[in-house]
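# Per-entry structural report
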Amino acid sequence: MISYQGVTKIFGSGSEAVTAVDGVTLDIKKGDLVTLLGPSGCGKTTLLRLTNRLITLTRGTITVGGRDIMSQDPVKLRQSMGYAIQAIGLFPNKTIYGNIAVVPRLLGWAEKRIRDRVDELLTMLRLDPGLFRDRYPAELSGGQQQRIGVARCLAADPEILLMDEPFGAIDPINREEIQDEFLRVQAKLKKSIVFVTHDIHEAIKMGDRIAIFQEGRLIQYDTPEAILTRPKNRYIADFLGADRALKVLGLLRVEDAVNPSPAHLLHASVTSGEALRLMEEKGLGHAVVVDGGKPVGYVTPADLARANLPVRSVTTAYPVQVLVHSTLRDVMSHMLMHDMHTLCVVDANGDFVGTVSYESIRKKVVAAYRDDTPEEKGNVGT
Amino acid sequence: MGNVLDFLVANADRCWLLTWEHTWMVLVALVGAISLGVPVGIAITRHEQWAKAILRAANILMTIPSIALFGMLLPLLSLIGHGLGKVPAVIALVLYSQLPIIRNTYVAIKNVPPEIVDAGRGMGMSRWKRMIEIEIPLAIPVIVAGLRTAAVMNIGIAAISAYIGAGGLGVFIQQGIARVYEEMIVAGALLVSVLAVFVDGAMALLESLVTPKGIKIGRKLGS
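These numbers were taken from a predicted model, which means no experiment stands behind them.

Rules behind the numbers
- Residues numbered from 1 in each chain as written.
- Chains lettered and ligands numbered in written order.
- Predicted model: local features only at pLDDT ≥ 70, side-chain atom pairs only at ≥ 80, totals over all residues.
- Helix = DSSP H or I, 4+ residues; strand = E, 2+ residues; numbered from the N terminus.
- Buried ≥ 20, exposed ≤ 12 C-beta atoms within 10 Å, placed from the backbone.
- Contact = placed C-beta atoms within 7 Å.
- Expected span 1.5 Å × (residues − 1).
- Axes fitted to C-alpha atoms, helices over the stretch in contact; angles between N-to-C directions.
- Parallel < 35°, antiparallel > 145°, perpendicular 65-115°, else oblique.
- Left-handed = near helix turned anticlockwise from the far one by under 90°.
- Nonpolar A, V, L, I, M, F, W, Y, C, P; charged D, E, K, R; others polar.
- Pairing = 2+ DSSP bridges.

### Comments concerning the overall build of chain A
Along its length, chain A carries 17 helices and 16 strands. The dimensions of chain A, computed from C-alpha atoms along their principal axes, are 85 × 50 × 30 Å. For chain A, buried positions account for 40% of its 382 residues. Partitioning the intrachain contacts of chain A with sequence separation of at least 6 by distance along the chain shows that 63% fall at a separation of at least 24.

### Details of helix 7 (residues 142–154) of chain A
Residue and element names in this part refer to chain A. Taking 1.5 Å per residue as the helical rise, helix 7 with its 13 residues ought to reach 18 Å, and the 19 Å between its terminal C-alpha atoms agrees with that figure. In terms of residue burial, helix 7 counts as a mostly covered element, since 11 of its 13 residues are buried. Along helix 7, the residues classified as buried are Gln144, Gln145, Gln146, Arg147, Ile148, Gly149, Val150, Ala151, Arg152, Cys153 and Leu154. The inward-facing, buried residues of helix 7 abut strand 6 (81–85), helix 3 (96–100), helix 4 (102–106), helix 5 (111–124), strand 7 (160–164) and helix 8 (172–189).

### Some words on helix 9 (residues 182–210) of chain B
Across its 29 residues, helix 9 of chain B extends 42 Å between first and last C-alpha, which sits within 8% of the 42 Å expected from 1.5 Å per residue. Turning to helix 9 of chain B, its buried residues number three or more, namely Met184(B), Ala187(B), Gly188(B), Leu191(B), Val192(B) and Leu195(B).

### Focus on the packing of helix 4 (residues 66–78) of chain B against helix 5 (residues 86–110) of chain B
All names here are of chain B. It is the contact of helix 4 with helix 5, at a shortest axis distance of 10 Å, that shows an interaxial angle of 125°. Taken as axis vectors, helix 4 and helix 5 run oblique relative to one another. The crossing of helix 4 and helix 5 is right-handed. Mapping the contact onto sequence places Ser66, Leu69, Phe70, Leu73, Leu74 and Leu77 in helix 4 and Val87, Pro88, Ile91 and Ala92 in helix 5. The residue makeup of the contact of helix 4 with helix 5, split by class, is 9 nonpolar, 1 polar and no charged.

### Details of the pairing of strand 15 (residues 342–346) of chain A
All names here are of chain A. Of all 5 residues in strand 15, 5 are buried; the element is thus mostly enclosed. Judged by which residues are buried, strand 15 turns out to be covered on both faces: Thr342, Cys344 and Val346 on one side and Leu343 and Val345 on the other are all buried. Pairing of strand 14 (residues 322–323) with strand 15 involves 2 bridges; the strand directions are parallel. Across the sheet, the residue bridging to Leu323 is Val346, located in strand 15. Between the antiparallel neighbours strand 15 and strand 16 (residues 352–357) lie 5 residues, among them Gly350 with a positive phi of about 85°.

### Some words on the sheet that holds strand 9 (residues 209–214) of chain A
Residue and element names in this part refer to chain A. Spatially, 6 strands are ordered 6-7-8-3-9-10 in an open sheet, and the strand pairing comes out mixed. Two strands bound the open sheet, and with one partner strand each, they are strand 6 and strand 10 (217–222). Shown here is a sheet whose adjacent strand axes are inclined to one another by a mean of 15°, direction ignored. As paired strands, strand 7 and strand 8 (residues 192–197) are joined by 5 bridges and run parallel to one another. Opposite Leu161, over in strand 8, you have Ile193 as the bridge partner. Sheet strands touched by helix 1 (residues 44–51): strand 3 (33–37), strand 7, strand 8 and strand 9. Its angle to strand 8, the strand with the most contacts, is close to 150°.

Pasting the structure below:
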C-alpha cells in the first residue's frame, strides 16, 4: 500500500546538514498497522511527515497505492490520508462535530452524509453522539479529546492513517483503554496505518509489524515476535530491554499454551476414595475437578484422604480462572501472585477449556526463541 | 459645573454635530487602519524577515507628536490641495493606529498553537482555509483588542486635529482657549471623554461578540 524506496531526508545544507532519514526502504502492506519505533531523533516522525508531504523528500521515492506522491497535489494527498498527532490539535473554535467534519467538508460531502458519519464515528469510539456532538474541545477530558482526534482522522474513511504518537498525551490507564478500543476498531476497518511511537509496549501491542530506527536508518523490520525473539543486533536488544522474554509473554495468548485434555481431570461426582486411587495410580500431586463442563476447583491427595465423600465437597476453588484470550503475561502474573503452577482456562461462557501450566508456558516461550521461521501474528490482537 | 451644563443645553445642536463629526473621523480612520494594518500584520507572520522592521516603523510613527505629524503632512498633502482639514487628520489617525493593529494581529496569529496549525495542514487544509477557519477565528479577540486601543487613542488625537481645521469636538477646546471661555473648554473636554468611554465600552462588547464560543468555554474552565 505504501512503499518507501531509498528515502532520504536531509535538513539544512553544507556543514550544518543533518540527515534525519537515511536511505529507508520499507513496504507497508494493505491492512497492516506498522509501528515506527525508536528514540527521539531517530527519524520516525520525519518519515511519517514525508509520507503526506508535510516535509519534502531529499532523495528516494514514496509511492502510495502505486502512485508516486511527488506527482500528486500535496493538499489532495493529505486529504486522502487520516492524520492524528500526539498534541491532538483539535480546533478549539469548532464543535466536536465541526472538528470531525473538517476533511469531509473539504471533500465536499453533503451535510446529511457528514452528520451520519460523525454520529457513526462517535458511537464507534464509545462517545454518545447526543452528548458530545455539539460540545467544544475545552469541555472534554484528555482521553475524550484523544478519541475525537482518532475520529477526526477516520472521518472521510481514508485507506491510510498516519498517526504520530496518537495516544501519547494521556495517562497510562486511559491509554491502555484507547489502545484496546483502537485495535478493536482496526480489526474491523483494516486500514493501512503508519504509527509512530517511542513506547516499546505500545509498538508491540499495536503493531502487526515493527520498524525500528536508529539515527535515521531502518535497523529491523519484522513482526513483534520475531523482533523480540531474534533482535538483529545489540542496539535493538538493548532497546527492547533485558525483559524481552517477558514481553514475548505479552504477545502470546492462553490459547497458544492451553492443554485441552489434561490427565488430572476428575468429575465432581466421583467419590474421594476412587479419586485418590486414580491419582495415586497416575502419580498426580493435584487434580482439576469439573462439573457439567464448568471447572469447580482442585483437590490434592491430602484433601481426599480425610473422608469418603463426593469429590465436590473437598474441592478448593481456584483463586482465579483465566480466559482463553488472556495473554500469558497475565497468566504468569496470576501464577506468581497465588503461588499456583496450574490454572484453569475457561471461555467467555465460563465453560472449561483446559489447563495452562507454568511448564507449558515455559515450553511455549522457549519454542518462540528456537523458531527459525517468524511466527505469524494472526492469532493476536483479536 | 452648572455653567457647563447650561452651555451644553444652549448649544445642543452644535454639540451633536461636533460629536458626530468627531466620531465619523475616528470611524473612517479605523476602517482605513484595519484595511491596512490587519493584512500587513498577517503578511509579516508569513514573511518573518519583515516583521521586525515593520513593527519598528509602526512604533516610530506612534512616537511622533500629533502636532508634528500634522506639520509634516501639510507640505505633502498641499500638493493635492488637502494640506489642512479632514484629510490630513484621517491620514494621521490611520498612521497612529498601525502599531496596535499590526502588533496585535501579528502576535495573535503567532500565538495560534503550532499543533493546531499542523493538524490543519496534515489533514489537507490549504493555507487560505487554515487562515479563514482557524487562525483568524482564534486570533480575532486579540485583533479586536488592538482596534479598541487604536479607537480610544484616536478619539484623543482627533481632538487635536481641530488645530488644522478638521472639526470635531476639539473645536470647543481650541476656540474656548482662544476666547478664554472656560465653559466651552470644559464642555469640549467632557464630551471627548464621554465619547472615549462609550467607544471603549462598545469595543469591549465587540471583543466579546467576536470571541468564538469554544474559546470562551475554555477560558471559563481555565484550560
